[in-house]
Number of protein chains: 4
Amino acid sequence: MSDPQAPLVKFPTPPDEETVETWFDKPLTYRVQLSRNRVEALTDGVFAVAITLLVLDIKVPELQAPSDISQLAVRLLALWPKFLSYTISFVILGVYWVGHHVQLSFIRKVDRPLLWINLLFLLWVALVPFSTALLSEYPMAQIAITLYGLNLIAIGLTLALHWWYATVETKHVDPDIHPGLVRGGLLRTLIGPAVYVVSIAVSFFRPELSLLLYALVPVLYILPGRVDVHWGKHRQAPGTSPGTP
Amino acid sequence: MSDPQAPLVKFPTPPDEETVETWFDKPLTYRVQLSRNRVEALTDGVFAVAITLLVLDIKVPELQAPSDISQLAVRLLALWPKFLSYTISFVILGVYWVGHHVQLSFIRKVDRPLLWINLLFLLWVALVPFSTALLSEYPMAQIAITLYGLNLIAIGLTLALHWWYATVETKHVDPDIHPGLVRGGLLRTLIGPAVYVVSIAVSFFRPELSLLLYALVPVLYILPGRVDVHWGKHRQAPGTSPGTP
Amino acid sequence: MSDPQAPLVKFPTPPDEETVETWFDKPLTYRVQLSRNRVEALTDGVFAVAITLLVLDIKVPELQAPSDISQLAVRLLALWPKFLSYTISFVILGVYWVGHHVQLSFIRKVDRPLLWINLLFLLWVALVPFSTALLSEYPMAQIAITLYGLNLIAIGLTLALHWWYATVETKHVDPDIHPGLVRGGLLRTLIGPAVYVVSIAVSFFRPELSLLLYALVPVLYILPGRVDVHWGKHRQAPGTSPGTP
Amino acid sequence: MSDPQAPLVKFPTPPDEETVETWFDKPLTYRVQLSRNRVEALTDGVFAVAITLLVLDIKVPELQAPSDISQLAVRLLALWPKFLSYTISFVILGVYWVGHHVQLSFIRKVDRPLLWINLLFLLWVALVPFSTALLSEYPMAQIAITLYGLNLIAIGLTLALHWWYATVETKHVDPDIHPGLVRGGLLRTLIGPAVYVVSIAVSFFRPELSLLLYALVPVLYILPGRVDVHWGKHRQAPGTSPGTP
């Protein structure tokens, strides 16, 4: 496709002894880094689309005749499982968006494996509108409860993997990050999948209890954690010059 | 899942006396903060998807036979309630996007509760395509008018809560922010919900009047407020060096 | 809703003589400005959703029986008006995205009216998937050609209004911007609507000519303009330190 | 539309001898450049919507009667070609998003042709949900395999064109970029289209082999390349001050 004998395009010739590797090693300030910004932008985009698509599953009731208008309220009330599963999935996606947000705030650099772990995370996130629609259509079907749980477990485990990869040997975070924070973040992320496993097991006997567990997990995560104490503490005292945002 | 006796992963050991809490207290400039950027990115994404999805509810008319082409204009005209409710919802979402934009421009830091108030705000925003489709299908049904109004009230109250939480004890804003601005912003945000309550009450007697009220509220918000005087005043005099964007 | 006698919330009391207005006038560097970033983020979001939704109108052909697989190619070929109108609309939206991008690159500050002109612009942009679906369904119907043209005219005129408002008395741009650039940008933006008016007029006699005109306008805009000479000129000479991106 | 005799709007009069061209040449630091940010934002938005829309093609099975609930698992299993093609398309789009990300990280400036090459790239990307739906509906149809392949070839070739245009005569990248990197990036980008050509050729005899090739290409790209060595090397040593993100 490119013939070195007669090149279509002339590329600049490098200084004699310089190879791609030594070029990369030159101490230049403008050396390229993969940007954390784009990871955030793609992630925020997928979450924004996914949580908005959840609503597409809630269809406006169609009445047979205009005279049936009195039926509209009844028909709307019958949509409650849709509204409930919309809300639960929205909140669960919110939990994972916040979790991703907190993780990224500690990450200083990005590389290809981290991009791909993040893409795997988004693969599962983008599936949530499907598994939510399935669950809201068949809320008592054991298979629907299981698939929904597996989807959430996949999200949680991938986010845990993301944190593990970012922090192992402090590869992508500040080298002096406190190990308690590293471990705490990992454990906190793994609570969700652990509960979802229980939820799936329970679904064989008491499906309604499984649904309750799904609804309760976000509460755990919305409660402030150890890291929140830090964010709370750094309040600016009145009268001091505020930091840049 | 992690056995301290035989760890799968070796985390760095911290200096003896340092705990997570003292680590957070170390006076380092690079200490992590949740970023306002991502809140804006998710919010802008949800608004972008929601306002574009509104159009999905306007379906191209299907003619029975190609010979019916003369009917197309009539069929398109019959879509006017869809176009009207599309426009009203678009403008109302525009009002709340601008409001969120103005609020965030005053906010200096973000914490977990603020993230969750923002997510609650987005939960209601993402519901607007549904409530709009419902209203455009049954514009004279009292229940449709009520649900649409409740959706808008929920958006407005959550945005007011967002401002209240951000400003109470000037927790997330500049400590010297003028209290008149704090109070004015809160009141301005509460006007919408107040009118929508009236609109719902009116819908029991005169549904068409309710629709008119829904259409009029955005006008109030598009008119410049007190804060706009500020933005207008800071015009650069010709010849002076312009600030960075 | 708030009783000054017994306030629910205690706001900080301001220094005696300071009003909201004098507070805004204090020469502080961190004074708030509406951010150009969010205008760009919302706009990019709406464009991204709109151009991706265009494809949703192209449906995979459904064959009656698995044995009809030989028919698939024929059925796919029959989709050509969909593909053509997808491409035209994509390119036209591309033109307006680039135009918006170029405009914003000159704008230094944003105020409420500019936000609303931008939202009006997005209102029309979000309608393009609908008017495209209409045109691709009825490509020879005069009414479909007209509505498509009116949609594009509305986009073009609003973008021209956006530029006019931003530059009149150099309110939102660098005060020393060259008037030739201001005028040139306005005229360039108005070419599209002018051609679309002709296109609608022509559609009464020769609808296929109208479609050709729609397809040709983007070509005009993809060709480099006066401003491109500038961007071309500022190439970094080899060996000089590159600017920040 | 504008009458020079009686102007509706008074634009500032420029210094006598200054033309648009000399104005652009003035050595001002704040001179305008098209921003790389918005290219990234639009691209990230289109990718986010496209990969999330892929899921819309997976429909929740509808059971004839509530008593058929035992059939649900069977019906869900029958969706496996949908899930498989969802996953393959997701990963392929991931490959191209990462590729675009890496390219942009080297690009220092943007001009109109580069914007349009990028838009052409997005045109093909936005088509992927359609070609994926086609392939998942008719996985053994030669025409579906061919169209899917052509779509991916178009994406790959446009991304190669993007890199070629950006680097030829080092127009949009650092002037001292190593030519090995320029050439390597181009070749790496062209591997995909080359394999897809083979895949289409093979589809005439062994369609299942074509599908396997589609599934294997991403593996090549997920494996770290030469450039990754660089990102890996620049790990911060423990104790040193971390760079800004």
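Residues numbered from 1 in each chain as written. Chains lettered and ligands numbered in written order. Predicted model: local features only at pLDDT ≥ 70, side-chain atom pairs only at ≥ 80, totals over all residues.

Asks: Looking at this structure, how should I read the overall build of chain A?
Replies: The helix and strand tally for chain A stands at nine helices and zero strands. Across the 245 residues of chain A, 45% fall into the buried class. Sequence separation of 24 or more characterises 78% of the internal contacts of chain A that already satisfy a separation of 6 or more. (Helix = DSSP H or I, 4+ residues; strand = E, 2+ residues; numbered from the N terminus. Buried ≥ 20, exposed ≤ 12 C-beta atoms within 10 Å, placed from the backbone. Contact = placed C-beta atoms within 7 Å.)

Asks: Just checking my understanding: could you explain the packing of helix H4 (residues 80–106) of chain D against helix H6 (residues 142–167) of chain D for this structure?
Replies: When two helices pack together, their arrangement is given by the angle between their axes and by how far apart the axes lie. Residue and element names in this part refer to chain D. Packing of H4 against H6 brings their axes to within 11 Å, and their N-to-C directions diverge by 5°. It follows from the interaxial angle that H4 and H6 lie roughly parallel. On the side of H4, the interface is formed by Ile92, Tyr96, Gly99, His100 and Gln103, while H6 contributes Leu152, Ile155, Leu159, His162, Trp163 and Ala166. When the residues that make up the contact of H4 with H6 are grouped by side-chain class, the tally is seven nonpolar, four polar and no charged. (Axes fitted to C-alpha atoms, helices over the stretch in contact; angles between N-to-C directions. Parallel < 35°, antiparallel > 145°, perpendicular 65-115°, else oblique. Nonpolar A, V, L, I, M, F, W, Y, C, P; charged D, E, K, R; others polar.)

Asks: Would you mind showing me how to read the nonpolar core here?
Replies: Nonpolar side chains in soluble globular proteins generally cluster together in the buried interior. Among the nonpolar cores identified, the biggest contains 269 residues, and Ala50 and Val125 of chain A, Val125 of chain B, Ala50 and Val125 of chain C together with Val125 of chain D are the most heavily contacted of them. Those residues in contact with Val125 of chain A, other than ones at most four positions away along the chain, are Val46, Phe47, Ala50, Leu93, Tyr96 and Ile155 of chain A. (Core = buried A, V, L, I, M, F, W, Y, C linked by C-beta atoms within 7 Å.)

Asks: How should the confidence of the model for chain A be read in this particular structure?
Replies: Reading predicted coordinates in detail is not appropriate for stretches of low pLDDT. Overall, the predicted model of chain A reaches an average pLDDT of 82, with 77% of residues at or above 70. Scoring of the predicted complex yields 0.86 for pTM and 0.83 for ipTM. (pLDDT = per-residue confidence, 0-100.)

Asks: Is there a simple way to explain helix H6 (residues 142–167) of chain A in this structure?
Replies: Residues three or four positions apart in an α-helix share a direction because the helix packs 3.6 residues into each turn. With 26 residues, H6 of chain A should reach 38 Å at 1.5 Å per residue; the first-to-last C-alpha distance of 37 Å fits that figure. Count one or two residues on from H6 of chain A and you reach Glu169 of chain A, which has phi positive near 55°. (Expected span 1.5 Å × (residues − 1).)

Asks: Whenever I open this one, helix H7 (residues 179–203) of chain A confuses me. Can you help?
Replies: Residues and elements named next belong to chain A. For H7, which comprises 25 residues, the first-to-last C-alpha distance of 37 Å matches the rise-based estimate of 36 Å (1.5 Å per residue) to within 8%. Ile191 marks where H7 bends most, by close to 25°; the proline Pro193 follows one to four residues later. Regarding H7, the residues found buried are Leu181, Val182, Gly185, Thr189, Gly192, Pro193, Tyr196, Ser199, Ile200 and Ser203. (Bend = angle between axes of the 7 residues up to and from the residue.)

Asks: Just checking my understanding: could you explain the packing of helix H4 (residues 80–106) of chain C against helix H8 (residues 207–222) of chain C for this structure?
Replies: Residues and elements named next belong to chain C. Between H4 and H8, the shortest axis-to-axis distance is 9 Å and the interhelical angle comes to 35°. Helix-helix and strand crossings are classified by hand; for H4 and H8 the assignment is left-handed. Residues Ile88, Val91, Ile92 and Val95 of H4 pack against Tyr214, Ala215, Pro218 and Tyr221 of H8. (Left-handed = near helix turned anticlockwise from the far one by under 90°.)

Asks: Explain the environment of Trp97 of chain C here, please?
Replies: You can see Trp97 of chain C is positioned in helix H4. Residues Trp97 of chain C and Phe47 of chain C lie 50 residues apart in sequence; the distance between their C-alpha atoms is 7.3 Å. Non-local contacts of Trp97 of chain C, meaning those with residues more than four positions away in its chain, are made with Phe47 of chain C together with Leu42 of chain D.

Asks: Explain the environment of Ile222 of chain C to me, please; I cannot follow it from the model alone.
Replies: Position of Ile222 of chain C relative to the elements: it lies in helix H8. Linking Ile222 of chain C and Ala126 of chain C, residues 96 residues apart in sequence, is a C-alpha distance of 22 Å.

Asks: Help me understand the environment of Leu216 of chain A, please; the structure alone is not making it clear to me.
Replies: One can find Leu216 of chain A in helix H8 (residues 207–222). Each C-alpha atom of the pair Leu216 of chain A and Ile88 of chain A lies 9.2 Å from the other, and the pair is 128 residues apart in sequence.

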